[in-house]
Amino acid sequence: MSNQVVTIDSTKTALDAALLMKEKRISSLIVQDNDQLLGIITERDFVKRVCAHDKKSSDVMITELMSKIQTYAAPDTPVDVAVQRMINNRIRRLPVISNGKVVGIITVTDLAKELRRIMLTQGIIELID
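None of the values given here were measured: they were computed from a predicted structure.

**Q** Give a description of the pattern of salt bridges that names residues and reports values.
**A** Taken as a whole and judged by the stated rule, the model has two salt bridges. We note a salt bridge from Asp 45 to Arg 49, for which the minimum N-O separation is 2.6 Å. Residue Asp 45 and its partner Arg 49 are located together in helix H2 (residues 43-49), separated by four residues, close to a single helical turn. Looking at Asp 45, the relative accessible area reads 2%, which means it is buried. A salt bridge links Arg 117 to Glu 114, with the nearest nitrogen and oxygen atoms 2.6 Å apart. Of this pair, Arg 117 and Glu 114 both sit in helix H5 (residues 108-128), three residues apart, roughly one helical turn.

**Q** Pulling in residues and values, what's your account of the sheet that holds strand S2 (residues 28-33)?
**A** Taken in spatial order, the three strands line up as S1-S2-S3 in an open sheet, and their pairing is mixed. The sheet is open, and its two borders are formed by strand S1 (7-9) and strand S3 (36-42), each paired with just one other strand. For this sheet the average axis-to-axis angle between neighbouring strands, irrespective of direction, equals 35°. Two strands pair when backbone bridges link them, and S2 and S3 are joined in this way by six bridges, in the antiparallel orientation. Each residue of the ladder has a partner; that of Asp 33, found in S3, is Gln 36.

**Q** Report on the pairing of S2, specifying residues and quantitative values.
**A** For S2, the buried fraction is high: five of the six residues fall into the buried class. Examined bridge by bridge, S1 and S2 share three bridges and lie parallel to one another. Bridge pairing in S2 links Thr 7 to Ile 30. Handedness of the crossover joining S1 and S2 through helix H1 (residues 14-24) is recorded here as right-handed. Following S2, the chain reverses through two residues before pairing antiparallel with S3; Asn 34 in that reversal takes a positive phi of roughly 50°.

**Q** Any details on the side chain of Thr 42? Residues and values, ideally.
**A** In this fold, Thr 42 is placed in strand S3. Thr 42 sits in the buried class, given a relative accessible area of 11%. Discounting chain neighbours no more than four positions away, the residues touching Thr 42 are Met 21, Ser 27, Ser 28 and Arg 93.

**Q** I'd like to hear about the environment of Ile 62, residue by residue, with values.
**A** Looking at where Ile 62 falls in the secondary structure, it is placed in helix H3 (residues 62-65). On the basis of relative accessibility, which here comes to 0%, the residue Ile 62 falls in the buried class. Linking Ile 62 and Ala 14, residues 48 residues apart in sequence, is a C-alpha distance of 5.7 Å.

So, how was this worked out
Residues numbered from 1 in each chain as written. Predicted model: local features only at pLDDT ≥ 70, side-chain atom pairs only at ≥ 80, totals over all residues. Heavy atoms only, no water. Salt bridge = Lys/Arg side-chain N within 4 Å of Asp/Glu carboxyl O. Helix = DSSP H or I, 4+ residues; strand = E, 2+ residues; numbered from the N terminus. Buried < 20%, exposed > 50% of the residue type's maximum accessible area, 1.4 Å probe, protein only. Pairing = 2+ DSSP bridges. Axes fitted to C-alpha atoms, helices over the stretch in contact; angles between N-to-C directions. Right-handed = clockwise from strand over helix to strand, strands pointing away. Contact = heavy atoms within 4.5 Å.

Set out below in structure tokens:
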């Protein structure tokens, strides 16, 4: 899980979101309004809701662009459960929520890193045996 969650206010535009994502070198943003969780914006949302309709990004509001959060994990959710939620909902990012606030996000990249760690650990154990 990455605990470096970047948020954007719901009053901003798609252009604001794109510039923030570029600046932070990230592929998603959590949408909030006065600390209330509203949704998530991903690169896929830009493709589906801006590019595919040939809209001007400065004219598209965040609320038109964002997706509702379909599912989430708690900080103590087991990895296998988180992975299953991502598969079931066909999502690449799973917000981690505690007490109504986003405290992290699990991405496909995080899962790949964990898988690599497990594979390396198993390889070392096999070498020792």
